[in-house]
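The residues making up each chain are set out below.
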Amino acid sequence: MVKICCIGAGYVGGPTMAVIALKCPKVQVSVVDISTPRITAWNSEHLPIYEPGLDDVVKQCRGKNLFFSNDVEKLVAEADIVFVSVNTPTKTQGLGAGKAADLTYWESAARMIADVSKSDKIVVEKSTVPVKTAEAIERILTHNNKGINFQILSNPEFLAEGTAIQDLFNPDRVLIGGRETPGGQKAIATLRDVYAHWVPVEKIICTNLWSAELSKLAANAFLAQRISSVNAMSALCEATGADVTQVSHAVGKDTRIGPKFLNASVGFGGSCFQKDILNLVYICECHGLAEVANYWKQVIKINDYQKTRFVNRIVSSMFNTVSGKKIAILGFAFKKDTGDTRETPAIDVCKGLIGDKAKISIYDPQVQEEQITRDLSLKKFDWDHPAHLQPMNPTSVKEVTCVRDAYEATKGAHGICILTEWDAFKSLDYQKIFDGMEKPAFVFDGRNVVDAEKLRKIGFIVYAIGKPLDAWLKDMPAVA
Ligand code: NAD
Ligand code: UDX
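Calculation criteria
Residues numbered from 1 in each chain as written. Chains lettered and ligands numbered in written order. Predicted model: local features only at pLDDT ≥ 70, side-chain atom pairs only at ≥ 80, totals over all residues. UniProt positions renumbered as here; feature names shortened; annotations may be inferred. Buried ≥ 20, exposed ≤ 12 C-beta atoms within 10 Å, placed from the backbone. Helix = DSSP H or I, 4+ residues; strand = E, 2+ residues; numbered from the N terminus. Pairing = 2+ DSSP bridges. Right-handed = clockwise from strand over helix to strand, strands pointing away. Axes fitted to C-alpha atoms, helices over the stretch in contact; angles between N-to-C directions. Contact = placed C-beta atoms within 7 Å. pLDDT = per-residue confidence, 0-100.

The name given to the protein in an unreviewed UniProt entry is UDP-glucose 6-dehydrogenase, with Linum tenue as the source organism. Here is the UniProt Pathway (unreviewed entry) comment for the protein, exactly as written: "Nucleotide-sugar biosynthesis; UDP-alpha-D-glucuronate biosynthesis; UDP-alpha-D-glucuronate from UDP-alpha-D-glucose: step 1/1." Its UniProt record gives the protein a comment under Sequence similarities (unreviewed entry), which states: "Belongs to the UDP-glucose/GDP-mannose dehydrogenase family."

As structure tokens, then:
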């Protein structure tokens, strides 16, 4: 029986290994982590992450061929294939701070693998890492020359949160990079055989190590670039009376462009896009490619501009001040169907409004108050370090309350900001909400989820990203 061990029981390690266990009943899969609360949660009825379909998969395999444990060293020592799926955050200090990937957690995992291994192993980079990381990892693994054969593979993960299980069941492709040596090719074949249990072989792409590592950064950069492109257009739409949804539809009908990932929004969030583009920028700079670095930097600049623009629009529409006014925030997660708040645009929007002395009432169906408090009190880039994954007591922000219901959040509010596209926000009783609000009552839809015309008929002043402005908003132009 092949034994797989995955270091890192996070958003990637947990679901990916659960699906491998489900699809390969003869493979024993262990997921290990240094965080005791995370492993305890994986072994409980309340999994540490909310992901549609995940509970079902875990229930089918846990205790059979899927195990979650803190016994990291023992399970790594016993494994034939070790996946490393630890976090690779942006460095906060020292050389490359604010851009380069912090490989501390990766390096410590690699050193531990080198120390505890007594048999040959395939070590798989699952985390997103800078191109050429495999070379450094190889050096760490072979430094004490115990006669053990380590083969390094790059097998980046392309799942998106909220659809992780369906992405893993039916991936567009699986990418495996390895050394172009007989040993490297044999290792690729071993991993390909694991995926071939459910992924058609023509969807399994095999490349050299550096192509696989770079393809992951490139894919995220391309995806984020699409959103920044449509968001840049959304600003122009508002200025000209064009409608961004109509523009996206018309543009996406070109088969060379395609219809997906063209929704204008308050900005992209999530743990990957910004971090990976910053990393790409840093790599380009290290290779003396300043022009290329500046090109990709612009994707992040437009994203920051979009969030600032949204906050400015709110403040300018409400007579240039939100001081003392209650603003309801509907949705805090970085997208629907997840409880993840890493780099969510809601953090920047809330901080912007608090900066203008608003009183904020937040409702998200999947995000707990403790998480929101933590997010609003952390410094940029601090969120992705394991110390912050442990429970702690962040000081609450006095201008913010978190409530468990959209009606409570909006009661007595002057304005509503929709920051996550939860389906439930489409079918709220907006007449009831309007009746309970201060007048004039505003809705700022950062995800284009509500029927703006219907809300205007109720009496709301509605701002929707990239849509023609109503008379009120035209009279109160926002300075970006
Ligand atoms: P995560 O923070 O949810 O999980 C990482 C886990 O690794 C944490 O639980 C942490 O405690 C653990 N860990 C850190 N160092 C460890 C060590 N030395 N030994 C054992 N455990 C250790 O992160 P994630 O979202 O799962 O992302 C992991 C990697 O996958 C990152 O490189 C990320 O860029 C990449 N990725 C993420 C996504 C996504 O949607 N979240 C998608 C594709 C790729
Ligand atoms: C992303 C990549 O899609 C995935 O392939 C990679 O493995 C990890 O990073 P994720 O961050 O989980 O996945 O979600 P994604 O669906 O890509 O959304 C990222 C952000 O972009 C969200 O804030 C989302 O709301 C936003 N978005 C997405 C838009 O604003 N408009 C769109 O059209 C699509």
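Back to the text.
Peer 1: Explanation requested: the pairing of strand β4 (residues 81-84) in the structure shown.
Peer 2: Strand residues, when the strand is regular, have side chains that alternate between the two faces of the sheet. Because side chains alternate across β4, one face comprises the buried residues I81 and F83, and the other comprises V82 and V84, equally buried. Across four bridges, strand β1 (residues 3-7) lies against β4 in parallel orientation. When the sheet's bridge partners are listed, C6 is paired in β4 with F83. Tracing the backbone out of β4, into helix α5 (residues 104-116) and back to the parallel element strand β5 (residues 121-125) gives a crossover that is right-handed.

Peer 1: What am I meant to see in the pairing of strand β7 (residues 174-178) here?
Peer 2: The buried fraction of β7 is high, at five of five residues. Covered by surrounding structure in β7 are V174, I176 and G178 together with L175 and G177, the residues of both alternating faces. Pairing analysis gives two bridges linking strand β6 (residues 150-154) to β7, with the strands arranged antiparallel. Looking across to β7, one finds that S154 is bridged to G177. Judged from the five bridges that link them, β7 and strand β8 (residues 204-208) form a sheet pairing that is parallel. Residue G178 lies in a different strand from β8, and its bridge partner there is N208.

Peer 1: What should I look at first to understand the sheet that holds strand β11 (residues 400-402) in this one?
Peer 2: Neighbouring strands of a sheet are bound in pairs by backbone hydrogen bonds; such pairs are parallel or else antiparallel. With parallel pairing, the six strands of this open sheet are ordered in space as β11-β10-β9-β12-β13-β14. Edge strands, defined here as strands with exactly one partner in the open sheet, are β11 and β14 (461-464). In this sheet, neighbouring strand axes are inclined to one another by 20 degrees on average, regardless of whether the strands run parallel or antiparallel. With three bridges joining them, strand β10 (residues 359-363) and β11 adopt parallel strand pairing. Each bridged residue has a counterpart across the sheet, and for I360 the counterpart in β11 is V400.

Peer 1: How should the sheet that holds strand β3 (residues 66-69) be read in this particular structure?
Peer 2: Pairing in this open sheet of eight strands is mixed, and the strands run β3-β2-β1-β4-β5-β6-β7-β8 from one edge to the other. Edge positions in the sheet fall to β3 and β8, since each of these pairs with one other strand and no more. Taken over all neighbouring pairs, the strand axes of this sheet differ in orientation by 25 degrees on average, direction set aside. Of the strands in this sheet, β5 and β6 are in contact with helix α6 (residues 133-142), which crosses β6 at around 160 degrees. The sheet contacts of helix α9 (residues 209-240) involve β6, β7 and β8, and relative to β7 the element is tilted by about 140 degrees.

Peer 1: Please explain the confidence of the model for the protein as it appears in this structure.
Peer 2: On average, the protein scores 95 in pLDDT, and the residues at 70 or more come to 96%. In the predicted complex, the global pTM is 0.96; the interface-specific ipTM is 0.98.

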